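# A look at the structure
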Amino acid sequence: AIKLADKATVEEIRAAYDALSPTMKQWIWKDTLVLLTNAEEKIAKLEQQVADVMAQLIALPAVDKLSLTDEPAVNTVKNAFATLSDEQKALVKNADILTALSNRIAVLKGLETAKPLDYKAINNVIDLVKALPKESDLKLADEAKVTAAKKAYDALTVEERNKVTNYNSVCC
């Protein structure tokens, strides 16, 4: 199978053929010339595939300008890149941008599908903290209550923890 690495050899063969006189070219079998032409076409096709992926990659928005509406375009480029051989992938400049764009899409999707706040859990933590004695009145016997409040607080998401307004008054 013809690869991009064969380009120099194919070009040498073409140059050698073109340097032949018309009389000498008559001695070259037509099948051999067809093989040369097919090899040139295959190399051109492989190079065009790389150029197409690079053009698609350049057409994508910058990472900081990306939105979820760009996901189909990013996926199209990812799929096109995936079809390239390792040899072709190595020729795609800035292919690492594709990873950054895919990661940004994942972040944007995560923000869009973030789970709703669990107000029951939030209120439970607030109630557990309210039930604790003042810091000056804490005793060793209150350790289980403090541990339960801390464990419930730690189970909350960052957004949910921000809704617990009395946590710092007793804990931490």
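Residues numbered from 1 in each chain as written. Predicted model: local features only at pLDDT ≥ 70, side-chain atom pairs only at ≥ 80, totals over all residues. Heavy atoms only, no water.

### Description of the overall build of the protein
Of the regular secondary structure elements, the protein holds 10 helices and 0 strands. When the helices and strands of the protein are listed from N to C terminus, the series reads α-α-α-α-α-α-α-α-α-α. The C-alpha atoms of the protein give a radius of gyration of 33 Å, which is well past the 16 Å a tight globule of 172 residues would have. Projected onto its principal axes, the C-alpha coordinates of the protein cover approximately 110 × 30 × 20 Å. Counting the 172 residues in the protein, one finds 26% classified as buried. In the protein, the proportion of contacts linking residues at least 24 apart, taken out of those at least 6 apart, comes to 70%. (Helix = DSSP H or I, 4+ residues; strand = E, 2+ residues; numbered from the N terminus. Rg over C-alpha atoms; globule rule 2.2 N^0.38 Å. Buried < 20%, exposed > 50% of the residue type's maximum accessible area, 1.4 Å probe, protein only. Contact = heavy atoms within 4.5 Å.)

### Observations regarding helix α3 (residues 30-59)
Spanning 30 residues, α3 covers 43 Å between terminal C-alpha atoms, matching the ideal 44 Å at 1.5 Å per step. Taken as a whole, α3 has its buried residues at Leu36, Ala39, Ile43, Leu46, Val50, Val53 and Leu57. (Expected span 1.5 Å × (residues − 1).)

### A few points about the nonpolar core
Among the nonpolar cores identified, the biggest contains 14 residues, and Val53, Leu57, Leu60, Val74, Phe81, Val92 and Leu98 are the most heavily contacted of them. Elements that contribute at least two residues to this core include exactly α3, α4 (71-83) and α6 (96-112). Looking at which element gives the most residues to this core, the answer is α4, with 4 residues. Residues contacting valine 53, with those up to four places away along its chain left out, are Val77, Ala80, Phe81, Leu84 and Val92. Counting residues in each nonpolar core, the second largest holds 11 residues, with Leu132, Ala149, Leu156 and Val164 among its members. (Core = buried A, V, L, I, M, F, W, Y, C linked by side-chain atoms within 4.5 Å.)

### Focus: the packing of helix α7 (residues 119-130) against helix α8 (residues 143-154)
Two elements in contact, α7 and α8, have axes whose closest approach is 9 Å; the angle formed by their N-to-C orientations is 160°. As summarised for this structure, α7 and α8 are arranged roughly antiparallel, according to the angle between their axes. Relative to α8, α7 is oriented so that their crossing is left-handed. Residues Asn124, Val125, Leu128 and Val129 of α7 lie in contact with α8, whose contacting residues are Ala148, Ala149, Ala152 and Tyr153. Broken down by class, the residue content of the contact of α7 with α8 amounts to 7 nonpolar, 1 polar and no charged. (Axes fitted to C-alpha atoms, helices over the stretch in contact; angles between N-to-C directions. Parallel < 35°, antiparallel > 145°, perpendicular 65-115°, else oblique. Left-handed = near helix turned anticlockwise from the far one by under 90°. Nonpolar A, V, L, I, M, F, W, Y, C, P; charged D, E, K, R; others polar.)

### Observations regarding the environment of valine 53
With respect to the helices and strands, valine 53 occurs in helix α3. With relative accessibility at 4%, the residue valine 53 sits in the buried group. Residues valine 53 and threonine 76, spaced 23 residues apart in sequence, show a C-alpha to C-alpha distance of 9.5 Å.

### Here's the deal with the pattern of salt bridges
As enumerated under the stated definition, the model contains 6 salt bridges in all. Linking arginine 14 and glutamate 40 is a salt bridge whose minimum nitrogen-to-oxygen distance equals 2.7 Å. Taken together, the positions of arginine 14 in helix α1 (residues 7-19) and glutamate 40 in helix α3 put the pair 26 residues apart, joining distant regions of the chain. By relative accessible area, which is 25% here, glutamate 40 ends up partly exposed. Here glutamate 71 makes a salt bridge to lysine 109, at a shortest N to O gap of 3.1 Å. Taken together, the residues span a long stretch of sequence, with glutamate 71 in helix α4 and lysine 109 in helix α6 at a distance of 38 residues. The class of lysine 109 is partly exposed, set by a relative accessible area of 37%. (Salt bridge = Lys/Arg side-chain N within 4 Å of Asp/Glu carboxyl O.)

### Quick notes on the environment of alanine 39
The topology assignment puts alanine 39 in helix α3. Since its relative accessible area comes to 7%, alanine 39 is described here as buried. Linking alanine 39 and leucine 4, residues 35 residues apart in sequence, is a C-alpha distance of 10.0 Å. Residues contacting alanine 39, with those up to four places away along its chain left out, are Ile2 and Val10.

### Some details on the side chain of glutamate 160
By the secondary structure assignment, glutamate 160 is in helix α9 (residues 158-161). Of note is the side chain of glutamate 160, whose polar atom sits 2.9 Å from the backbone nitrogen of threonine 157. (Polar contact = N/O pair within 3.5 Å; in protein donor to acceptor, adjacent residues only side chain to side chain.)

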